[in-house]
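Spelled out from the first residue to the last, the chains are:
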Amino acid sequence: MFKPLHNYVLLERIEEENKTAGGILIPDNAKEKPSRGRVIATGDGAFNGDDKIPMTVKTDDVVLFAKWAPSVNEVKLDGKDYVLIKETDILGIIE
């Protein structure tokens, strides 16, 4: 398994619906990449001088993240696509 370092989070994207509210099917080439994901693994947190800042998100949280943030990295592990992102680029936890 993969363990992110510091304040990085490994996410699995959650696919969006493939049709509109009116029932129109959206083809794969017209869909945007989803900005929701499930937390697969987290680092131990960041450091601010000598103080450790703990992680806010935890494994299995469903989160909304900034799609175009500079820390968004697409990674492939064991043939599966994931997103590696800094916790600061996660916008919130979906409950």
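Right above here is the structure, for reference.
All figures in this text were calculated on a predicted structure; none of them were measured in a lab. (Residues numbered from 1 in each chain as written. Predicted model: local features only at pLDDT ≥ 70, side-chain atom pairs only at ≥ 80, totals over all residues. Heavy atoms only, no water.)

### Quick look at the pairing of strand 1 (residues 8-13)
Part 1 of the argument: Examined bridge by bridge, strand 1 and strand 7 (residues 80-86) share 4 bridges and lie antiparallel to one another. Paired with Val-9 across the strands is Ile-85, a residue of strand 7.
Part 2 of the argument: Relative to strand 2 (residues 36-42), strand 1 is paired through 5 bridges, and the arrangement is antiparallel. Bridge pairing in strand 2 links Arg-13 to Gly-37. (Pairing = 2+ DSSP bridges. Helix = DSSP H or I, 4+ residues; strand = E, 2+ residues; numbered from the N terminus.)

### A few points about unusual backbone geometry
Part 1 of the argument: Located in the positive-phi region is His-6, a residue other than glycine, with phi close to 50°.
Part 2 of the argument: Its location among the elements puts His-6 in the segment before strand 1.
Part 3 of the argument: Taking the relative accessible area as the measure of exposure, His-6 reaches 48% and is therefore partly exposed.
Part 4 of the argument: In this structure, Asp-60 is a non-glycine residue whose phi angle is positive, near 80°. (Buried < 20%, exposed > 50% of the residue type's maximum accessible area, 1.4 Å probe, protein only.)

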